[in-house]
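# Structural features, examined
Below are the chains, spelled out letter by letter.
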Amino acid sequence: MTPPDDPRTADVAELLEAARSGQRRALARVMSLVERGGSQARALGAVTFAQSGSAHTVGVTGAPGAGKSTLNSAVVGVARERGERLAVLAIDPSSPFSGGAILGDRVRMSDHTFDEDVYIRSMATRGHLGGLTLATPLAVRVLDALGWPWVLIETVGVGQIETEIVGAADTTVVVVNPGWGDSVQANKAGLMEIADIFVVNKADRPGTSETCRDIRQMLDLSAPGDWDPPILTSVGTTGEGAAELWDAICAHRDHCTVSGELESRRAARVQTELDEVLRATIAERVAALTEGPAAERLRQQLARRELDPYAAAEMLLGQDR
(Lines give C-alpha, C1' and ligand atoms only; values in the text may rest on other atoms or scores of the structure.)
Protein backbone atom coordinates (compact mmCIF):
# COMPACT_ATOMS: atom_id res chain seq x y z
CA MET A 1 0.00 0.00 0.00
CA THR A 2 1.23 3.51 -0.82
CA PRO A 3 1.36 5.55 2.41
CA PRO A 4 -0.70 8.78 2.47
CA ASP A 5 2.44 10.94 2.82
CA ASP A 6 4.23 9.28 -0.10
CA PRO A 7 5.25 11.86 -2.77
CA ARG A 8 3.61 9.71 -5.43
CA THR A 9 0.28 10.08 -3.65
CA ALA A 10 0.68 13.87 -3.63
CA ASP A 11 1.53 13.83 -7.35
CA VAL A 12 -1.53 11.79 -8.34
CA ALA A 13 -3.77 13.82 -6.03
CA GLU A 14 -2.69 16.97 -7.87
CA LEU A 15 -3.27 15.29 -11.22
CA LEU A 16 -6.71 14.10 -10.11
CA GLU A 17 -7.63 17.60 -9.03
CA ALA A 18 -6.67 18.93 -12.46
CA ALA A 19 -8.81 16.23 -14.10
CA ARG A 20 -11.70 17.03 -11.75
CA SER A 21 -11.57 20.66 -12.84
CA GLY A 22 -12.26 19.57 -16.42
CA GLN A 23 -8.78 19.37 -17.90
CA ARG A 24 -9.05 16.55 -20.45
CA ARG A 25 -5.30 16.24 -20.84
CA ALA A 26 -4.97 15.57 -17.10
CA LEU A 27 -7.74 12.98 -17.30
CA ALA A 28 -5.96 11.26 -20.20
CA ARG A 29 -2.75 11.14 -18.14
CA VAL A 30 -4.59 9.67 -15.18
CA MET A 31 -6.09 6.91 -17.33
CA SER A 32 -2.68 6.16 -18.84
CA LEU A 33 -1.29 5.67 -15.34
CA VAL A 34 -4.13 3.24 -14.63
CA GLU A 35 -3.29 1.19 -17.72
CA ARG A 36 0.45 1.08 -17.02
CA GLY A 37 -0.01 -0.15 -13.48
CA GLY A 38 2.82 -0.01 -10.95
CA SER A 39 3.33 2.32 -8.01
CA GLN A 40 1.50 5.32 -9.45
CA ALA A 41 -1.57 3.23 -10.27
CA ARG A 42 -1.51 1.97 -6.69
CA ALA A 43 -1.28 5.55 -5.48
CA LEU A 44 -4.32 6.37 -7.61
CA GLY A 45 -6.17 3.48 -6.01
CA ALA A 46 -5.26 4.69 -2.53
CA VAL A 47 -6.46 8.23 -3.22
CA THR A 48 -9.71 7.36 -5.03
CA PHE A 49 -10.98 4.35 -3.07
CA ALA A 50 -12.73 6.35 -0.34
CA GLN A 51 -13.98 8.90 -2.88
CA SER A 52 -15.79 6.36 -5.06
CA GLY A 53 -19.06 4.48 -4.76
CA SER A 54 -21.49 6.84 -6.45
CA ALA A 55 -21.20 6.02 -10.16
CA HIS A 56 -23.38 3.34 -11.70
CA THR A 57 -21.44 1.05 -14.02
CA VAL A 58 -23.02 -0.61 -17.04
CA GLY A 59 -21.22 -3.48 -18.74
CA VAL A 60 -22.03 -4.21 -22.38
CA THR A 61 -20.83 -7.42 -24.00
CA GLY A 62 -21.67 -9.59 -26.97
CA ALA A 63 -20.02 -11.35 -29.87
CA PRO A 64 -17.82 -9.28 -32.22
CA GLY A 65 -20.01 -7.72 -34.88
CA ALA A 66 -23.11 -7.64 -32.67
CA GLY A 67 -23.26 -3.87 -33.08
CA LYS A 68 -22.39 -2.95 -29.49
CA SER A 69 -20.58 0.28 -30.30
CA THR A 70 -23.27 1.60 -32.61
CA LEU A 71 -25.95 0.72 -30.07
CA ASN A 72 -23.93 2.27 -27.25
CA SER A 73 -23.56 5.46 -29.24
CA ALA A 74 -27.34 5.63 -29.63
CA VAL A 75 -27.83 4.95 -25.90
CA VAL A 76 -25.33 7.68 -24.99
CA GLY A 77 -27.33 10.03 -27.22
CA VAL A 78 -30.53 9.19 -25.34
CA ALA A 79 -28.82 9.66 -21.97
CA ARG A 80 -27.43 13.03 -23.03
CA GLU A 81 -30.89 14.16 -24.17
CA ARG A 82 -31.99 13.45 -20.59
CA GLY A 83 -29.16 15.49 -19.13
CA GLU A 84 -26.88 12.66 -18.01
CA ARG A 85 -23.06 12.71 -18.08
CA LEU A 86 -21.33 9.48 -19.12
CA ALA A 87 -17.88 7.96 -19.45
CA VAL A 88 -17.32 5.05 -21.83
CA LEU A 89 -14.49 2.52 -21.49
CA ALA A 90 -13.90 0.44 -24.63
CA ILE A 91 -11.95 -2.62 -23.48
CA ASP A 92 -9.61 -4.58 -25.76
CA PRO A 93 -8.15 -7.62 -23.96
CA SER A 94 -6.39 -8.86 -27.10
CA SER A 95 -3.54 -6.46 -27.73
CA PRO A 96 -1.99 -3.34 -26.22
CA PHE A 97 -0.55 -2.31 -29.57
CA SER A 98 -3.04 -2.89 -32.39
CA GLY A 99 -6.03 -0.60 -32.79
CA GLY A 100 -8.29 -3.39 -34.03
CA ALA A 101 -11.88 -3.06 -32.95
CA ILE A 102 -10.98 -0.26 -30.55
CA LEU A 103 -10.37 2.23 -33.35
CA GLY A 104 -13.65 1.13 -34.90
CA ASP A 105 -15.40 1.77 -31.58
CA ARG A 106 -14.00 5.28 -31.44
CA VAL A 107 -15.11 6.01 -35.02
CA ARG A 108 -18.63 4.71 -34.39
CA MET A 109 -18.95 6.91 -31.31
CA SER A 110 -17.49 9.97 -33.02
CA ASP A 111 -20.80 11.84 -32.73
CA HIS A 112 -19.93 12.46 -29.07
CA THR A 113 -16.28 13.42 -29.53
CA PHE A 114 -16.77 17.13 -28.84
CA ASP A 115 -19.32 16.69 -26.06
CA GLU A 116 -17.68 17.76 -22.80
CA ASP A 117 -20.19 15.63 -20.88
CA VAL A 118 -19.12 12.42 -22.61
CA TYR A 119 -15.69 10.84 -22.07
CA ILE A 120 -14.58 7.92 -24.27
CA ARG A 121 -11.44 5.94 -23.51
CA SER A 122 -10.03 2.89 -25.29
CA MET A 123 -8.22 0.59 -22.87
CA ALA A 124 -5.83 -2.32 -23.30
CA THR A 125 -3.45 -3.96 -20.88
CA ARG A 126 0.06 -2.55 -21.09
CA GLY A 127 1.66 -5.79 -19.97
CA HIS A 128 1.63 -5.34 -16.20
CA LEU A 129 0.69 -8.35 -14.11
CA GLY A 130 -3.01 -8.44 -13.37
CA GLY A 131 -3.79 -6.81 -16.73
CA LEU A 132 -7.30 -5.62 -17.40
CA THR A 133 -8.84 -7.51 -14.49
CA LEU A 134 -7.10 -4.98 -12.24
CA ALA A 135 -6.95 -1.97 -14.57
CA THR A 136 -10.68 -1.91 -15.35
CA PRO A 137 -12.05 -1.62 -11.79
CA LEU A 138 -9.39 0.98 -11.02
CA ALA A 139 -10.35 2.97 -14.12
CA VAL A 140 -14.00 2.86 -13.08
CA ARG A 141 -13.08 3.95 -9.55
CA VAL A 142 -11.03 6.88 -10.85
CA LEU A 143 -13.86 8.06 -13.11
CA ASP A 144 -16.27 7.64 -10.21
CA ALA A 145 -14.06 9.71 -7.92
CA LEU A 146 -13.82 12.39 -10.62
CA GLY A 147 -17.58 12.79 -10.59
CA TRP A 148 -18.76 10.79 -13.62
CA PRO A 149 -22.19 9.43 -12.55
CA TRP A 150 -22.38 6.76 -15.28
CA VAL A 151 -19.58 4.54 -16.61
CA LEU A 152 -20.26 2.26 -19.59
CA ILE A 153 -17.83 -0.64 -20.08
CA GLU A 154 -17.83 -2.21 -23.53
CA THR A 155 -15.76 -5.27 -24.44
CA VAL A 156 -14.74 -6.60 -27.82
CA GLY A 157 -16.13 -10.11 -27.37
CA VAL A 158 -17.54 -12.66 -24.95
CA GLY A 159 -14.48 -14.62 -23.86
CA GLN A 160 -13.68 -15.39 -20.23
CA ILE A 161 -11.78 -12.14 -19.63
CA GLU A 162 -14.55 -10.07 -21.19
CA THR A 163 -17.33 -11.70 -19.17
CA GLU A 164 -15.29 -11.27 -15.99
CA ILE A 165 -14.77 -7.58 -16.73
CA VAL A 166 -18.33 -6.80 -17.75
CA GLY A 167 -19.84 -9.12 -15.15
CA ALA A 168 -18.21 -6.90 -12.55
CA ALA A 169 -20.53 -4.02 -13.49
CA ASP A 170 -23.63 -2.93 -11.58
CA THR A 171 -25.80 -3.65 -14.64
CA THR A 172 -24.78 -6.04 -17.40
CA VAL A 173 -26.23 -5.83 -20.90
CA VAL A 174 -25.75 -8.72 -23.32
CA VAL A 175 -26.15 -7.86 -27.00
CA VAL A 176 -26.94 -10.62 -29.49
CA ASN A 177 -28.11 -10.79 -33.10
CA PRO A 178 -30.98 -12.68 -34.75
CA GLY A 179 -30.03 -16.30 -35.24
CA TRP A 180 -27.72 -16.23 -32.22
CA GLY A 181 -26.38 -19.70 -31.25
CA ASP A 182 -28.02 -22.43 -29.23
CA SER A 183 -28.49 -22.57 -25.47
CA VAL A 184 -25.43 -24.78 -24.90
CA GLN A 185 -23.11 -22.25 -26.49
CA ALA A 186 -24.78 -19.41 -24.63
CA ASN A 187 -24.28 -21.07 -21.29
CA LYS A 188 -20.66 -21.89 -22.15
CA ALA A 189 -20.06 -18.18 -22.69
CA GLY A 190 -21.45 -17.50 -19.23
CA LEU A 191 -23.92 -15.00 -20.60
CA MET A 192 -26.94 -16.39 -18.82
CA GLU A 193 -25.23 -15.95 -15.47
CA ILE A 194 -24.16 -12.35 -15.93
CA ALA A 195 -26.95 -10.80 -18.02
CA ASP A 196 -29.35 -8.34 -16.39
CA ILE A 197 -30.70 -7.16 -19.75
CA PHE A 198 -30.74 -8.87 -23.14
CA VAL A 199 -30.82 -6.90 -26.38
CA VAL A 200 -31.41 -8.48 -29.77
CA ASN A 201 -29.72 -5.90 -31.99
CA LYS A 202 -30.10 -5.66 -35.77
CA ALA A 203 -33.75 -6.53 -35.19
CA ASP A 204 -34.62 -5.51 -38.75
CA ARG A 205 -33.19 -8.85 -39.84
CA PRO A 206 -35.10 -12.16 -40.03
CA GLY A 207 -35.08 -14.40 -36.96
CA THR A 208 -35.54 -11.73 -34.31
CA SER A 209 -38.70 -13.17 -32.75
CA GLU A 210 -37.18 -16.67 -32.73
CA THR A 211 -34.06 -15.39 -30.96
CA CYS A 212 -36.18 -13.60 -28.33
CA ARG A 213 -38.13 -16.81 -27.81
CA ASP A 214 -34.94 -18.89 -27.44
CA ILE A 215 -33.54 -16.49 -24.82
CA ARG A 216 -36.83 -16.56 -22.90
CA GLN A 217 -36.80 -20.35 -22.90
CA MET A 218 -33.25 -20.38 -21.54
CA LEU A 219 -34.18 -17.90 -18.84
CA ASP A 220 -37.18 -20.02 -17.86
CA LEU A 221 -34.81 -22.94 -17.26
CA SER A 222 -32.60 -20.94 -14.91
CA ALA A 223 -33.23 -20.31 -11.22
CA PRO A 224 -35.68 -17.42 -10.79
CA GLY A 225 -34.51 -14.28 -8.99
CA ASP A 226 -35.92 -10.95 -7.87
CA TRP A 227 -35.08 -9.45 -11.28
CA ASP A 228 -36.41 -10.94 -14.49
CA PRO A 229 -34.01 -9.88 -17.28
CA PRO A 230 -35.97 -8.08 -20.00
CA ILE A 231 -35.42 -9.06 -23.62
CA LEU A 232 -35.36 -5.98 -25.82
CA THR A 233 -34.94 -5.42 -29.54
CA SER A 234 -33.00 -2.65 -31.24
CA VAL A 235 -31.54 -1.37 -34.48
CA GLY A 236 -28.38 0.44 -33.47
CA THR A 237 -27.84 2.13 -36.83
CA THR A 238 -31.19 3.97 -36.58
CA GLY A 239 -31.35 4.35 -32.81
CA GLU A 240 -34.50 2.25 -32.60
CA GLY A 241 -34.79 0.68 -29.15
CA ALA A 242 -32.06 2.84 -27.57
CA ALA A 243 -34.53 4.75 -25.38
CA GLU A 244 -36.08 1.49 -24.17
CA LEU A 245 -32.64 0.12 -23.34
CA TRP A 246 -31.75 3.23 -21.32
CA ASP A 247 -35.09 2.94 -19.49
CA ALA A 248 -34.30 -0.71 -18.66
CA ILE A 249 -30.84 0.24 -17.38
CA CYS A 250 -32.34 2.90 -15.12
CA ALA A 251 -35.03 0.46 -13.95
CA HIS A 252 -32.39 -2.12 -13.04
CA ARG A 253 -30.37 0.48 -11.16
CA ASP A 254 -33.47 1.48 -9.17
CA HIS A 255 -34.32 -2.16 -8.46
CA CYS A 256 -30.83 -2.98 -7.21
CA THR A 257 -30.73 0.15 -5.06
CA VAL A 258 -34.08 -0.53 -3.37
CA SER A 259 -33.50 -4.28 -2.92
CA GLY A 260 -30.00 -3.83 -1.49
CA GLU A 261 -28.49 -5.95 -4.26
CA LEU A 262 -26.38 -3.04 -5.48
CA GLU A 263 -24.58 -2.86 -2.14
CA SER A 264 -24.05 -6.63 -2.00
CA ARG A 265 -22.77 -6.76 -5.59
CA ARG A 266 -20.27 -4.02 -4.91
CA ALA A 267 -19.11 -5.66 -1.68
CA ALA A 268 -18.56 -8.94 -3.57
CA ARG A 269 -16.63 -7.09 -6.31
CA VAL A 270 -14.24 -5.57 -3.79
CA GLN A 271 -13.53 -9.02 -2.38
CA THR A 272 -12.91 -10.36 -5.89
CA GLU A 273 -10.59 -7.44 -6.60
CA LEU A 274 -8.67 -8.21 -3.40
CA ASP A 275 -8.16 -11.78 -4.63
CA GLU A 276 -6.89 -10.48 -7.97
CA VAL A 277 -4.52 -8.03 -6.27
CA LEU A 278 -3.14 -10.82 -4.09
CA ARG A 279 -2.57 -13.04 -7.13
CA ALA A 280 -0.85 -10.25 -9.04
CA THR A 281 1.32 -9.34 -6.05
CA ILE A 282 2.40 -12.95 -5.53
CA ALA A 283 3.09 -13.29 -9.27
CA GLU A 284 5.32 -10.20 -9.12
CA ARG A 285 7.27 -11.67 -6.22
CA VAL A 286 7.66 -15.00 -8.00
CA ALA A 287 8.94 -13.20 -11.10
CA ALA A 288 11.47 -11.30 -8.98
CA LEU A 289 12.64 -14.48 -7.23
CA THR A 290 13.37 -16.24 -10.52
CA GLU A 291 15.74 -13.50 -11.71
CA GLY A 292 19.37 -12.78 -10.81
CA PRO A 293 22.58 -14.78 -10.25
CA ALA A 294 21.23 -16.88 -7.36
CA ALA A 295 18.27 -18.08 -9.42
CA GLU A 296 20.58 -18.84 -12.34
CA ARG A 297 22.84 -20.96 -10.12
CA LEU A 298 19.81 -22.91 -8.92
CA ARG A 299 18.76 -23.52 -12.53
CA GLN A 300 22.18 -24.92 -13.30
CA GLN A 301 22.01 -27.18 -10.25
CA LEU A 302 18.58 -28.36 -11.38
CA ALA A 303 19.93 -29.09 -14.84
CA ARG A 304 22.75 -31.18 -13.28
CA ARG A 305 20.14 -32.83 -11.04
CA GLU A 306 21.99 -31.72 -7.92
CA LEU A 307 18.71 -30.28 -6.62
CA ASP A 308 15.10 -31.26 -7.07
CA PRO A 309 12.52 -28.56 -7.97
CA TYR A 310 10.96 -28.57 -4.49
CA ALA A 311 14.32 -27.94 -2.81
CA ALA A 312 15.11 -25.19 -5.31
CA ALA A 313 11.73 -23.55 -4.65
CA GLU A 314 12.34 -23.65 -0.89
CA MET A 315 15.73 -22.02 -1.35
CA LEU A 316 14.24 -19.25 -3.51
CA LEU A 317 11.44 -18.66 -1.05
CA GLY A 318 13.95 -18.53 1.76
CA GLN A 319 15.59 -15.55 0.07
CA ASP A 320 12.27 -13.68 0.26
CA ARG A 321 11.93 -14.02 4.04
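Residues numbered from 1 in each chain as written. Predicted model: local features only at pLDDT ≥ 70, side-chain atom pairs only at ≥ 80, totals over all residues. Heavy atoms only, no water.

### Overview of the confidence of the model for the protein
- Summarising the model, the protein shows a mean pLDDT of 84, and 83% of its residues fall at 70 or more.
- Segment residues 95–104: pLDDT under 50, and twelve contacts once partners within four positions in sequence are set aside and those in other chains are kept. (pLDDT = per-residue confidence, 0-100. Contact = heavy atoms within 4.5 Å.)

### With respect to the sheet that holds strand S7 (residues 231–233)
- On the basis of which strands lie adjacent, the open sheet formed by seven strands has the order S3-S2-S4-S1-S5-S6-S7 and parallel pairing. Whereas interior strands pair on both sides, the edge strands pair on one side only; in this sheet they are strand S3 (118–123) and S7. With strand direction ignored, the average angle separating the axes of adjacent strands in the sheet is 20°.
- As defined by bridge partners, strand S1 (residues 56–62) adjoins strand S4 (residues 150–155) across five bridges and the pair is classed as parallel. (Pairing = 2+ DSSP bridges. Helix = DSSP H or I, 4+ residues; strand = E, 2+ residues; numbered from the N terminus. Axes fitted to C-alpha atoms, helices over the stretch in contact; angles between N-to-C directions.)

### Concerning the pattern of salt bridges
- By the definition in use, this model includes 20 salt bridges.
- A salt bridge links glutamate 276 to arginine 279; its shortest N-O distance comes to 3.5 Å. On the criterion of helical spacing, the pair formed by glutamate 276 and arginine 279 is a turn pair, its members being three residues apart in helix H12 (residues 261–289).
- Through salt bridges that share partners, Arg80, Arg85, Asp115 and Asp117 make up one connected network. (Salt bridge = Lys/Arg side-chain N within 4 Å of Asp/Glu carboxyl O.)

### Remarks on the pairing of strand S5 (residues 171–176)
- In terms of burial, S5 is largely enclosed, as six of its six residues are buried.
- Residue alternation in S5 divides its side chains into two sets, Thr171, Val173 and Val175 and Thr172, Val174 and Val176, and both sets are buried.
- One ladder, built from five bridges, connects S1 with S5; its direction is parallel. Within S5, the residue paired with threonine 61 across the bridge is valine 174.
- As paired elements, S5 and strand S6 (residues 197–200) share four bridges and run parallel to each other. Across the sheet, residue valine 176 finds its bridge partner in S6, namely valine 200. (Buried < 20%, exposed > 50% of the residue type's maximum accessible area, 1.4 Å probe, protein only.)

### Remarks on the environment of valine 286
- Within the secondary structure layout, valine 286 lies in helix H12.
- Taking the C-alpha atoms as reference points, valine 286 and leucine 316, 30 residues apart in sequence, are found 9.0 Å from one another.

### Brief notes about the nonpolar core
- By size, the foremost hydrophobic cluster in this structure holds 32 residues, and its most contacted members are Leu27, Met31, Leu89, Val142, Leu143 and Val151.
- Where this core is concerned, the elements lending two or more residues are helix H1 (7–20), helix H2 (24–36), helix H3 (39–48), strand S2 (86–91), S3, helix H6 (131–145) and S4.
- Setting aside anything within four residues of it in sequence, one finds valine 151 in contact with Ala55, His56, Thr57, Val58, Ala87, Leu89, Val140 and Leu143.
- Formed by 26 residues, the second largest nonpolar core is a distinct cluster that contains Leu71, Val78, Ile120 and Leu245. (Core = buried A, V, L, I, M, F, W, Y, C linked by side-chain atoms within 4.5 Å.)

### Focus on a nonpolar patch on the surface
- A grouping of Leu274, Leu278, Ile282 and Val286 is seen on the molecular surface, where their side chains present a nonpolar patch of about 360 Å² in accessible area.
- Along the chain, leucine 278 turns up in helix H12. (Patch = residues over 30% accessible without salt bridge, like charges linked within 9 Å, V, L, I, M, F, W, Y side chains within 5 Å. Areas by Shrake-Rupley, 256 points an atom, 1.4 Å probe, with all protein chains shown as cover.)

### Quick notes on unusual backbone geometry
- Phi is positive for lysine 202, which is not a glycine, with a value near 60°.
- Its place among the elements puts lysine 202 in the loop between S6 and helix H10 (208–221).
- You will see that arginine 305, though not glycine, has its phi angle at about 60°, which is positive.
- In this structure, arginine 305 sits in the loop between helix H13 (293–303) and helix H14 (309–319).
- Since its relative accessible area comes to 76%, arginine 305 is described here as exposed.

### Side note on the packing of aromatic side chains
- Per the counting criterion, the structure on display carries two aromatic pairs.
- A ring pair is formed by tyrosine 119 and tryptophan 148, whose centres lie 6.3 Å apart and whose planes are at 35°; its orientation type is tilted. With tyrosine 119 in strand S3 and tryptophan 148 in the loop between H6 and S4, this residue pair connects regions lying 29 residues apart in the sequence.
- Taking the relative accessible area as the measure of exposure, tyrosine 119 reaches 6% and is therefore buried.
- Since its relative accessible area comes to 5%, tryptophan 148 is described here as buried.
- Here the aromatic rings of tryptophan 150 and tryptophan 246 are separated by 4.5 Å at their centres, their planes lie at 55°, and the arrangement is tilted. Note that tryptophan 150 is positioned in strand S4 and tryptophan 246 in helix H11 (residues 242–259), a separation of 96 residues in sequence. (Phe/Tyr/Trp six-rings, centres within 6.5 Å; stacked < 30°, edge-to-face > 60°.)

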